[in-house]
Amino acid sequence: MTKVASSRWRAFRAAAFYVTATLLVAVWLLPLVIGVFTSLKSMDEIMANPVMWKPPKALRFENFGEAWNRAGMGRYIVNTFIVTIPSVAGALAVSSLAAFALAFYRFRLNKAVLVLFVAGMLVPFQMLMIPVFRMSNGLGIDDSFGGLILFHISFQLGFCTFFLRNFMKQIPYSQIEAPRIDGASDFTIYARIIMPLALPSIAALAVLEFTWIWNDLLWSLVLLRSDAIKTVTLGLANMQGEFITTYNLTAAGSILAAIAPVAVFLAFQRYFIEGLTMGADKG
Amino acid sequence: MAKVELKNIGKVYEGNVRAVDNANITINDKEFVVFVGPSGCGKSTTLRMIAGLEDITEGELLIDGKLVNDVPPKDRDIAMVFQNYALYPHMTVYDNMAFGLKIRKVPKAEIDKRVREAARILDIEKLLDRRPKQLSGGQRQRVAVGRAIVRNPKVFLFDEPLSNLDAKLRVQMRAEIIELHDRLDATMIYVTHDQIEAMTMGTKIVVMRDGKVQQIGSPLYMYNHPINKFVAGFIGSPPMNFLTVKVLDEGGEIILDEGSFRLKPAADHAALLKPYAGREVSFGIRPEDLVVAEGGSAPGGLIKAKVTVVEPLGAEIQLYATTPTQPMVAKIPPHHLYKSGDEIAFAPVMDKARYFDRETELSILPVKFDEQA
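Residues numbered from 1 in each chain as written. Chains lettered and ligands numbered in written order. Predicted model: local features only at pLDDT ≥ 70, side-chain atom pairs only at ≥ 80, totals over all residues.

1. What about helix 7 (residues 145–169) of chain A?
Residue and element names in this part refer to chain A. The line we're drawing: Helix and strand assignments come from DSSP, with helices taken as H or I runs of at least 4 residues and strands as E runs of at least 2, each series counted from the N terminus. An expected span of 1.5 Å times one less than the residue number is assigned to each helix. What is called the bend at a residue is the angle between a pair of axes, fitted to the seven residues leading up to and ending at it and to the seven starting from it. Partly exposed residues are those whose C-beta has more than 12 but fewer than 20 other C-beta atoms within 10 Å; 20 or more makes a residue buried and 12 or fewer makes it exposed, with C-beta atoms placed from the backbone.
Along its 25 residues, helix 7 runs 34 Å from first to last C-alpha, staying within 8% of the 36 Å computed at 1.5 Å per residue. L157 marks where helix 7 bends most, by close to 45°. Of all 25 residues making up helix 7, 18 are buried, and the element is well covered by its neighbours.

Following this line, the structure appears as structure tokens:
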């Protein structure tokens, strides 16, 4: 191939790349744009003009206030925090202890226990729904924050333990032996050596778990009934009426609900990327 | 201060893999004992059993007369320097050194005093605020040593601490560790596969092979009185030459016949070689004991050989030569002008020669397994 032809080919490839990438981004962003536009329209405008991606004529920011107060989003968001924070903290605390043991202790059933954790991860929700509902009823913890938190923690344990164990496995074993010689107990080694070293993976996991638990609809649906303790996803589902749905308020509520996970993601983004690629190369 | 005794110590790993077999070693107070041997000989496993990082399968381990087989490492009052340093990457140098003391609830002022003292000894005072990542290999090594000395333990354990350093730094750190031993007056156990480190550092050497202790003694004793062919070949660089010779009893006079040359052993050696008359033995001679024969004869006889390679090292020449069948290496003074292909005659120092049984590989001359025992 001549030099000119090759540079033309390169230019064509670059153009093709940018066109495709732009199209993909547009498709990806369209629902978000529609959501933002809808949240700023009046119901009249939505009904009068069904073209969803048309920008609003006038910006009705008061939709957000209405969603927060009248539609109860404020209460739902607070509830979701009450559920999400202890769930994430609990899952991380318990799974990091389990991961520590699985990564560093040599015992007969080590592999078997790990496989059990992974297998637990693979059981589909549909199979667990009814047993979990009956179990929580039987224990009298249904329709309570505590019950939901407990189930969130237990269902996240499999993945969290697997994830953290694999990360900790990359920490050299001498990081256990050196403090042991220095006189540290195993819990001290966990708390003061291994946890600080595993921090990137903990942070990455915290972001993932926060988003998952925050956005969970199904377990809340199964375990919560009272409106006073409902989480955002249930609240949003509630806003779909049988005869009329206030699309603008639902959209505004959705945006409000998305703020927390987005903020958490941005705050921990650095660790997130570091954590997921950790171990890809030694350095 | 501290005496460490290994009595019939053995280690068997899962799957019936034997790493250490019936080790009997006594390490006296203030000794610098080096465990040396090729990789896989069980020296590190032995050290790790002393540290408490490996369970002891059989035998007894005593520190200061107290049985410590089942005592966890933290209660054995030992400190260890690891091969890969094993510094805590998220802590500063200061915190790395202070960690063990903090765990033991030593008062803050005392910790500070000890850390700064250790830093001064090791010349790392300026690095106290840095993290391990910001240090060179040699500096990390110093911190690892510092972490051990602040604890002021009964016994120091070193697991191939210099093997990750470059050659020049290794020589320097070697001297510093020797100096440290003199200064701290501590009991030290040091593992290495490098026989030069063993020779230069140890007050006592333990040579191991295939999980078995071969011989125990001072470096010079080992060098001059190796118990078997393995120890003889392992200690010393370049290694001892082994030439297969036939022992002849010619009317009461013992002669060693190689085919291309004949030698007369030293009188006390001849008596011990007499029972081997008619059989072959390994004649061991150190490279420096192959002296170039200036005249035409020597009382013990001459080895005639052909020069193959000449390596002038400046202060001396390493000269490789071969008889029609057997190669050897000699260390000769630098003024000799030999080149490849030349004929050469050596007058071996027969007093220093060693003899080994061809089958058992054991020394035919009497030697102690444990010099001090």
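Continuing now.
2. Observations regarding helix 2 (residues 93–103) of chain B
The following threshold applies: By the convention adopted here, residues are in contact when the distance between their C-beta atoms, placed from the backbone, does not exceed 7 Å.
In terms of burial, helix 2 of chain B is largely enclosed, as 8 of its 11 residues are buried. The complete set of buried residues in helix 2 of chain B reads V93, Y94, N96, M97, A98, F99, G100 and L101 of chain B. Structurally, helix 2 of chain B contributes buried residues whose contacts are with helix 8 (174–182) of chain A together with helix 3 (108–122) and helix 4 (137–149) of chain B. Phi for K105 of chain B, located one or two positions after helix 2 of chain B, is positive at around 55°.

3. A word on the confidence of the model for chain B
We count it as follows: For every residue, the predictor assigns a confidence score, pLDDT, that lies between 0 and 100.
Averaged over all residues, the pLDDT of chain B equals 93, while 100% of them reach at least 70. Quick note on the complex model: pTM equals 0.83, ipTM equals 0.84.

4. Things to note about the interface of chain A and chain B
Put simply, the rule is: By the convention adopted, Pro, Cys, Tyr, Trp, Phe, Met, Ile, Leu, Val and Ala count as nonpolar, Lys, Arg, Asp and Glu as charged, and the other residues, Gly among them, as polar.
Across the contact, 15 residues belong to chain A and 17 residues belong to chain B. Secondary-structure elements contributing two or more residues to the side of chain A that touches chain B are helix 8 and helix 9 (186–214) of chain A. Considering only residue class, the side of chain A that touches chain B consists of 8 nonpolar, 4 polar and 3 charged.

5. Considerations on the environment of L290 of chain B
Residues and elements named next belong to chain B. Residue position: L290 is located in strand 15 (residues 290–292). Taking the C-alpha atoms as reference points, L290 and I303, 13 residues apart in sequence, are found 8.8 Å from one another. For L290, the contacting residues outside a window of four places in its chain are I285, M328, A330, F346 and P348.

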